[in-house]
Amino acid sequence: MTGPRPASASLARVMQGDLCAGCGACAALAPGKVRMAMVPPGYLRPVQDAPLAAAEEAAIARTCPGLGQGVAAAGRTEAVLWGPYVSMQTGWATDPDLRFAGASGGGLSALLVHLLQAGRVDAVIQIAADPDQPIGNVTVVSTDAAGVRAAAGSRYAPSAPLDGLPARVADGRRYAVVGKPCDAAALRAMRDADPALAAAVPVILSFFCAGVPSQAGGRAVLAALDADPARVTAFRYRGMGWPGRATARLDDGSDRSMTYHDSWGKILSRHVQHRCKICADGTGVAADLVCADAWESDAEGYPRFEEVPGVSLIVARTALGAELLEAARAAGAIKTAPFDVADLAAIQPGQRDRRRALWARLAALRLAGRPVPHYTGLQIAAAARQNPVGRNIRNFIGTLRRTFRPRPAR
Ligand SMILES: Cc1cc2nc3c(=O)[nH]c(=O)nc-3n(C[C@H](O)[C@H](O)[C@H](O)COP(=O)(O)OP(=O)(O)OC[C@H]3O[C@@H](n4cnc5c(N)ncnc54)[C@H](O)[C@@H]3O)c2cc1C
Ligand code: SF4
Ligand code: SF4
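Residues numbered from 1 in each chain as written. Chains lettered and ligands numbered in written order. Predicted model: local features only at pLDDT ≥ 70, side-chain atom pairs only at ≥ 80, totals over all residues.

The next point concerns the site of ligand 2. Near ligand 2 you find 14 residues, and of these Cys20, Cys23, Cys26, Cys64 and Gly66 are the closest. Secondary-structure elements contributing two or more residues to the shell around ligand 2 are helix H1 (9-16) and helix H2 (25-29). For the shell around ligand 2, a count of residues per class yields 11 nonpolar, 3 polar and no charged. (Near = placed C-beta within 6 Å. Helix = DSSP H or I, 4+ residues; strand = E, 2+ residues; numbered from the N terminus. Nonpolar A, V, L, I, M, F, W, Y, C, P; charged D, E, K, R; others polar.)

If you want it as structure tokens, here you go:
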């Protein structure tokens, strides 16, 4: 956090523990007093400009995913590593253009287009490339298929889709919101406390999330592509194929690109924020529907192919999500195929290993006196029991060592 020491006890705790996920919920809950700003090395963080009312402080305390997050199975099928769900299958957009543009099979985009065309929502709040700074993100409102298509693809950069949300949805329209799992958790908490918001945002979509890199990560990708940021007119991190190449378009119309393995594996993953390394929910337990990569992967989680037609894993987390997916399938917007949950750990090794390591990492941080998020119902101990003892010890010592290592100057 920049500026003077924050007066908010909640925000102070988040900043002390470097626990901010950058969702923007605190700015939404205290408009005019808290705003989101880009801070070095390129993360979105809250800046507090004025003291908070007690009600605003309490709302942030019960919403902020940096402070905590919980889930209840409530009768749904529950998998230790993957959380509660109603159904799990694979699928892809039947529109070949949307399937190609999407990060994986265009599953999220196909669902969004269906929601709009079936009149289930009037508009979608989602993330797209910032036209003024193509490695960055902006929050956009899409009302038709062309808008959703323009925002398709994963963007491995900070996003705060909840910033300004209550004002944005106060126009009487019904919205679907797409966000990271932490955004989805904060939004569900906001909806639980605000019936008007729940009515305005009936649908929450999310995706599996390994973590958000800082904008320094995006800049490093440009540097590796030898692409002068001043000459970049468009940039995509993924999409246009599966997995799709990170591609910078220059002002002379030429493209420079690198593989997903090089962009995510060698650069972006090294710029991920601290909160993501101790994330108990990278799989969107608070959303209605969640998509992910359903690829056959190597031990590190990279696809075993160069480029093939995309396939999304589609997890319905709620009865509403299952019903929406079935309606999209019946309307011909999406095709689905069966998927066995037993195969998920092998295709998502990063998510699997982070879940299993979490108990040890949190224990090390607690021992070091560092604040950690308060997680409930997320099966952290059960996941740790799947970790061999030696590995738990290595995870514990590794975190402890990193905690006491001097932080690089920013
Ligand atoms: C930071 C990040 C980490 C990820 N980690 C994993 C992972 O560990 N495992 C895995 O299987 N998949 C991961 N994904 C998701 C994966 O890349 C695909 O998004 C997912 O498979 C859905 O693909 P799709 O074709 O169905 O989505 P698309 O049809 O391409 O739709 C993508 C949607 O995500 C939204 N979006 C894109 N970037 C952001 C962002 N930064 N913040 C909020 N919304 C955004 C877009 O607006 C769009 O609505 C990650 C994505 C991101 C952005
Ligand atoms: S995690 Fe979200 S709510 Fe919490 S401080 Fe960061 S931006 Fe605000
Ligand atoms: S890893 Fe977790 S905390 Fe980090 S951006 Fe993804 S969902 Fe949010």
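What follows deals with the site of ligand 1. Taken together, the neighbourhood of ligand 1 is formed by 39 residues, with Gly102, Gly107, Ser109, Ala210 and Ala292 sitting nearest. Of all the elements in the fold, those that place two or more residues in the shell around ligand 1 are helix H5 (107-117), strand S7 (123-130), strand S14 (289-293) and helix H15 (349-367). A per-class count over the shell around ligand 1 returns 17 nonpolar, 18 polar and 4 charged.

To continue, consider the sheet that holds strand S12 (residues 246-250). Pairing between the strands of a sheet is mediated by backbone hydrogen bonds and can be parallel or antiparallel. Overall, antiparallel pairing links the 3 strands, which are arranged S11-S12-S13 in an open sheet. Unpaired on one side and paired on the other, strand S11 (232-236) and strand S13 (255-258) mark the two borders of the sheet. Averaged over all neighbouring strand pairs, the angle between strand axes comes to 15 degrees, with direction disregarded. Bridge count for S11 against S12 is 4 bridges, and the pairing is antiparallel. Directly across from Phe235, in S12, lies its bridge partner Ala248. (Pairing = 2+ DSSP bridges. Axes fitted to C-alpha atoms, helices over the stretch in contact; angles between N-to-C directions.)

The buried fraction of H5 is high, at 10 of 11 residues. Burial in H5 covers these residues: Gly107, Leu108, Ser109, Ala110, Leu111, Leu112, Val113, His114, Leu115 and Leu116. Looking one or two residues beyond H5, the residue adopting positive phi is Gly119, at roughly 75 degrees. (Buried ≥ 20, exposed ≤ 12 C-beta atoms within 10 Å, placed from the backbone.)

As for its position among the elements, Leu165 is in helix H7 (residues 165-168). Residue Leu165 is classed as buried on the basis of its C-beta count, with 29 C-beta atoms lying within 10 Å. A C-alpha to C-alpha distance of 28 Å links Leu165 and Ala93, two positions 72 residues apart in sequence.

Let us now look at the environment of Gly179. With respect to the helices and strands, the residue Gly179 is situated in the loop between strand S9 (175-178) and helix H8 (181-193). Along the chain, Gly179 and Ala160 lie 19 residues apart, while their C-alpha atoms are 8.3 Å from each other. What Gly179 contacts, discounting residues up to four positions off in sequence, is Pro161, Ala184, Leu187 and Ser206. (Contact = placed C-beta atoms within 7 Å.)

The next point concerns the packing of helix H3 (residues 54-63) against H8. Orientation of H3 relative to H8, taken along the N-to-C sense of each, is 135 degrees, at an axis distance of 9 Å. One element, H3, and the other, H8, form an angle in the oblique class. Considering how the two elements wind past one another, H3 and H8 form a crossing that is right-handed. Listed contacts from H8 to Ala59, Arg62 and Thr63 of H3 are Ala186, Ala189, Met190 and Ala193. Its residues assigned to classes, the contact of H3 with H8 comprises 5 nonpolar, 1 polar and 1 charged. (Parallel < 35°, antiparallel > 145°, perpendicular 65-115°, else oblique. Left-handed = near helix turned anticlockwise from the far one by under 90°.)

On to the sheet that holds strand S15 (residues 312-316). Strand order in the open sheet formed by 8 strands is S8-S7-S9-S10-S14-S15-S6-S16, with mixed pairing between adjacent strands. The sheet is open, and its two borders are formed by strand S8 (133-142) and strand S16 (334-338), each paired with just one other strand. Neighbouring strand axes in the sheet, compared pairwise and without regard to direction, differ in orientation by 30 degrees on average. Relative to S9, S7 runs parallel, the two sharing 3 bridges. When the sheet's bridge partners are listed, Ile125 is paired in S9 with Val177. Where H8 meets the sheet, it contacts S9 and strand S10 (203-207), and its direction lies at approximately 155 degrees from that of S10.

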